[in-house]
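Tertiary structure, described
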Amino acid sequence: MISLLYCGNEGVFDGVLTSLLSIFKRSTPETYRIYIFTMSLTRIKDTYTPISDKLIAFLNRVVKSYNPENEVMKIDVTDFYEADFHKCPNEGAYCSPYTLIRLFADKVEAIPDKVLYLDTDIMFNRDVHLLWDIDVDGYEYAAARDHYGKFLCYPNFVNAGVLLFNMKKCRETGLFEKARYWIKKKKLTFADQSAIARATTKKKMIAQRFNDQKFLHKSTVVRHFSKRLFYLPYPHTDNIKQYHIDKVHKVFKYHAFDDIYEEYLALKKEYESQGA
């Protein structure tokens, strides 16, 4: 069984659905348990509401169509967040507060000894087993370099959008507890990503193809659609996500995911027709 962890609110529908479909369509048959951390934070923003049970039920139906033993589990971590991060220095960071809630993975008993954390803006281009089967024994996690951080911070600064966690080791070293300490202590440049870096005792560096934040090669396992710099027609940044299909076609000129998009659009239309 492969265990996956996503985090977010009701707005992660497009990201989680396309990400999961890419895993199912690019990988050999497997059983998946998918954990989704969510919370209510409407005191900050009206749209910061938890993922609805209706959405979880829909995702469950989708994943079970690939394997009846697959399961999506919603875990509300609102209480953990408010107890530790209420009005903390990083609550208004460049990223959503929902990126911080993966730091409660050690407090959730349901999380197994090995779990693959994924941002919702990733697509698998090759079999998930190429990543999942990496041996993390003796390490807290395996991760690839951050495309920009390796220049701006230091060579082995990792991107936290794809993290293969050895939860047993993390609980032994207190990785998450130390990371939460940094989130509460001071405002960090990259929020939780910086906190994880500061808290790390031992990490396993893996190839960029496991978290490619800029290119899509034949060897790419994970294409991470994070914000990136473009030089033409003038230097600027853009945050093109995998579900911005027209831009993926026009700007990136990718058609490798078109079979996934076909199913995604049909499922999205079905979900919206239910009055969601």
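In this report, the structure presented in the accompanying data block is examined. (Residues numbered from 1 in each chain as written. Predicted model: local features only at pLDDT ≥ 70, side-chain atom pairs only at ≥ 80, totals over all residues. Heavy atoms only, no water.)

On a plain count of helices and strands, the chain comes out with ten helices and eleven strands. The C-alpha radius of gyration computed for the chain amounts to 18 Å, which stays within 12% of the reference 19 Å derived for 276 residues, consistent with globular compactness. For the chain, the C-alpha atoms occupy an extent of roughly 45 × 40 × 40 Å along the three principal directions. A fraction of 72% describes how many contacts in the chain between residues 6 or more apart in sequence connect residues 24 or more apart. Only carbon and sulfur atoms are counted for the fraction: they give 52% of the accessible area of the chain, which is about 12500 Å². Averaging the locations of the 41 positively and 35 negatively charged side chains of the chain gives two centres separated by 7 Å. (Helix = DSSP H or I, 4+ residues; strand = E, 2+ residues; numbered from the N terminus. Rg over C-alpha atoms; globule rule 2.2 N^0.38 Å. Contact = heavy atoms within 4.5 Å. Areas by Shrake-Rupley, 256 points an atom, 1.4 Å probe, with all protein chains shown as cover. Lys, Arg positive; Asp, Glu negative; His and termini not counted. Charge placed at Lys NZ, Arg CZ, Asp CG, Glu CD.)

For the pair helix α2 (residues 53-66) and helix α10 (residues 258-273), interaxial distance at closest approach is 12 Å and the crossing angle is 140 degrees. Between α2 and α10, the crossing angle belongs to the class labelled oblique. Judged by the sense of rotation from one axis to the other, the crossing of α2 with α10 is right-handed. From α2, Lys54, Leu55, Phe58, Arg61, Val62 and Tyr66 reach across to α10, where they touch Glu263, Leu267, Glu270 and Tyr271. Tallied by class, the residues present in the contact of α2 with α10 amount to six nonpolar, no polar and four charged. (Axes fitted to C-alpha atoms, helices over the stretch in contact; angles between N-to-C directions. Parallel < 35°, antiparallel > 145°, perpendicular 65-115°, else oblique. Left-handed = near helix turned anticlockwise from the far one by under 90°. Nonpolar A, V, L, I, M, F, W, Y, C, P; charged D, E, K, R; others polar.)

Turning our eyes to something else, we now look at unusual backbone geometry. Of note, the phi angle at Lys87 is positive, near 55 degrees, even though the residue is not glycine. Classification of Lys87 as exposed rests on a relative accessible area of 64%. Unusually for a residue other than glycine, Ala191 sits at a positive phi of about 50 degrees. With respect to the helices and strands, Ala191 occurs in helix α8 (residues 191-199). (Buried < 20%, exposed > 50% of the residue type's maximum accessible area, 1.4 Å probe, protein only.)

Here the focus is the sheet that holds strand β1 (residues 2-7). Sheet architecture is open: seven strands sit in the order β3-β2-β1-β4-β7-β6-β8, paired in mixed fashion. The open sheet has two edge strands, β3 (71-76) and β8 (203-205), and neither has a second partner. Across the sheet, the axes of successive neighbouring strands diverge by a mean angle of 25 degrees, strand direction being ignored. Across two bridges, the pairing between strand β6 (residues 141-143) and strand β7 (residues 162-166) is antiparallel. (Pairing = 2+ DSSP bridges.)

For the rest of this paragraph, the subject is the packing of helix α7 (residues 175-185) against α8. Where α7 meets α8, the closest approach of the two axes is 8 Å, and the angle between their N-to-C directions is 130 degrees. On the basis of their axis angle, the class for α7 and α8 is oblique. Here α7 runs over α8; the crossing is right-handed. Counting all contacts with α7, which are made through Leu175, Lys178, Ala179, Trp182 and Ile183, the residues of α8 involved are Ala191, Asp192, Ala195, Ile196, Arg198 and Ala199. Residue classes in the contact of α7 with α8 are distributed as eight nonpolar, no polar and three charged.

Its 14 residues give α2 an end-to-end C-alpha distance of 20 Å, which sits within 8% of 20 Å, the value for a rise of 1.5 Å per residue. Buried residues of α2: Leu55, Ile56, Phe58, Leu59, Asn60, Val62 and Val63, and no others. (Expected span 1.5 Å × (residues − 1).)

Our next topic: the environment of Lys168. Take Lys168: it is sitting in helix α6 (residues 167-173). Distance from Lys168 to Glu140, taken between C-alpha atoms, is 8.1 Å for residues 28 residues apart in sequence.

Before going further, it helps to spend a moment on the nonpolar core. One finds Leu4, Leu116 and Phe124 to be the most contacted residues of the largest nonpolar core, which totals 52 residues. Once you skip the residues sitting within four places of it in the chain, Leu116 turns out to touch Ser3, Leu4, Leu5, Phe124, Val128, Leu131, Trp132, Val162, Leu163 and Leu164. Listed in part, the 41 residues of the second largest apolar core include Phe85, Tyr98, Ile101 and Tyr117. (Core = buried A, V, L, I, M, F, W, Y, C linked by side-chain atoms within 4.5 Å.)

What follows concerns the side chain of Ser27. If you trace the backbone, Ser27 turns up in the loop between α1 (13-26) and β2 (32-38). Judged by its relative accessible area of 14%, Ser27 is buried. Within the structure, Ser27 has its side chain in polar contact with the backbone oxygen of Ile23 (distance 2.8 Å). There is a polar contact of 2.9 Å between the side chain of Ser27 and the backbone nitrogen of Val128. Setting aside anything within four residues of it in sequence, one finds Ser27 in contact with Tyr32, Arg126, Asp127 and Val128. (Polar contact = N/O pair within 3.5 Å; in protein donor to acceptor, adjacent residues only side chain to side chain.)

What follows is about the pairing of strand β4 (residues 114-118). Within β4, four of the five residues are buried, which leaves it mostly tucked inside the rest of the structure. Examined bridge by bridge, β1 and β4 share two bridges and lie parallel to one another. Bridged to Leu5 within β4 is Tyr117.

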